[in-house]
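Structural overview for review
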Amino acid sequence: MKNTVYFDLETQKSADEVGGWDKISRMRMSVGVTYSTERGDYRIYGEKQVDELIQELRRADLVVGFNNLRFDYEVLHGYTTLDLRQIPTLDMLVDLQKTLQHRLSLDAIAAATLGVEKTSEGMQAIRWFKEGKLLEIAEYCCYDVKITRLVHEYGAAHRRLFYKNRFGSKLSVPVSW
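Summarised in this report is the structure supplied together with it.

Thresholds applied
Residues numbered from 1 in each chain as written. Predicted model: local features only at pLDDT ≥ 70, side-chain atom pairs only at ≥ 80, totals over all residues. Heavy atoms only, no water. Helix = DSSP H or I, 4+ residues; strand = E, 2+ residues; numbered from the N terminus. Buried < 20%, exposed > 50% of the residue type's maximum accessible area, 1.4 Å probe, protein only. Contact = heavy atoms within 4.5 Å. Areas by Shrake-Rupley, 256 points an atom, 1.4 Å probe, with all protein chains shown as cover. Lys, Arg positive; Asp, Glu negative; His and termini not counted. Charge placed at Lys NZ, Arg CZ, Asp CG, Glu CD. Arc of directions from axis to C-beta. Axes fitted to C-alpha atoms, helices over the stretch in contact; angles between N-to-C directions. Parallel < 35°, antiparallel > 145°, perpendicular 65-115°, else oblique. Left-handed = near helix turned anticlockwise from the far one by under 90°. Nonpolar A, V, L, I, M, F, W, Y, C, P; charged D, E, K, R; others polar. Pairing = 2+ DSSP bridges.

Looking only at helices and strands, the protein features seven helices and seven strands. The helix and strand sequence of the protein, counted from the amino end, reads β-α-β-β-α-β-α-β-α-α-α-α-β-β. Taken over the C-alpha atoms alone, the protein extends approximately 40 × 40 × 30 Å along its principal axes. Counting over 177 residues, the protein shows a buried share of 47%. Within the protein, contacts between residues at least 6 apart in sequence are counted, and of these 60% link residues at least 24 apart. Carbon together with sulfur atoms contributes 47% to the accessible area of the protein, which is approximately 9200 Å² in total. Here the protein contributes 25 positive and 25 negative side-chain charges, whose respective centroids are spaced 4 Å apart.

Taken residue by residue, helix α3 (residues 68–76) has N68, F71, D72, Y73, V75 and L76 as its buried positions. For α3, the angular spread of buried residues about the axis comes to 165°, placing them on one side. Close packing links the buried residues of α3 with β1 (4–11), β2 (29–36), α2 (50–59), β4 (62–65) and β5 (89–91).

Attention now moves to the packing of helix α6 (residues 122–130) against helix α7 (residues 134–158). Their axes nearest at 8 Å, the elements α6 and α7 cross at an angle of 155°. Between α6 and α7, the angle is such that the two are roughly antiparallel. Relative to α7, α6 is oriented so that their crossing is left-handed. Of the residues in α7, those touching α6 at G122, A125, W128 and F129 are L134, E136, I137 and Y140. Residue composition of the contact of α6 with α7, by class: six nonpolar, one polar and one charged.

Take the side chain of E10 next. Mapped onto the secondary structure, E10 falls in strand β1. If near-sequence neighbours (up to four positions away) are discounted, E10 is found in contact with R28, M29, S30, V31, G122, A125, I137, Y140, C141 and D144.

So, on to unusual backbone geometry. The backbone phi angle of N67 is positive, close to 70°, even though this residue is not glycine. When its relative accessible area of 15% is taken as the criterion, N67 is described as buried. Here the phi dihedral of Q101 falls at roughly 70°; this positive angle occurs in a residue that is not glycine. Along the chain, Q101 falls in the loop between α4 (92–100) and α5 (106–114).

Our focus in this paragraph is the environment of V63. In this fold, V63 is placed in strand β4. Along the backbone, V63 and Q101 are 38 residues apart, and their C-alpha atoms lie at a distance of 23 Å.

Moving on to the sheet that holds strand β3 (residues 41–46). Read from one edge of the open sheet, five strands run β3-β2-β1-β4-β5, paired in mixed fashion. Of all the strands in the sheet, the pair left with one neighbour each is β3 and β5. Each strand axis lies, on average, 25° off the axis of its neighbour in the sheet, ignoring direction. Bridge count between β4 and β5: three bridges; the pairing is parallel. Bridge pairing in β5 links V63 to T89. The strands that α4 touches are β4 and β5; relative to β5, the one it contacts most, it runs at about 60°.

Printed below as a string of structure tokens:
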């Protein structure tokens, strides 16, 4: 059985705090979450378990995420000399951007496709980290991984996803996962 690992992480610091978006590897991970189709469960990793997280990603047959090539992997590059972009990866944002020629948020796709929305946003997760609320970050990150998995599974089953354009019209975008 193929092991697909869905993945997301949250950071300790914002781009402004580390000197800009070209320094993502300095943002530091607060919490990372995976869902493995082989195990059928979620795993939550704190910063002290970042090596275990990286090993899980390296063992996957496919890692699926949303903006994980440019963001999540870059955060993890602050902890390893390995080039995580060599892992078989489907970055749904990159894939959709190739077709649409513009970026969409995971929230916009999930809302139009599944009728669900994210529970919070990344800047809130950074505030929670500063307040020591790791459980809230883990819950939020688990929900993001679940939304990522549901969007991917929907796209794989129906070969398309939905989004609303700036005028509020619901449009579809083909996918080939």
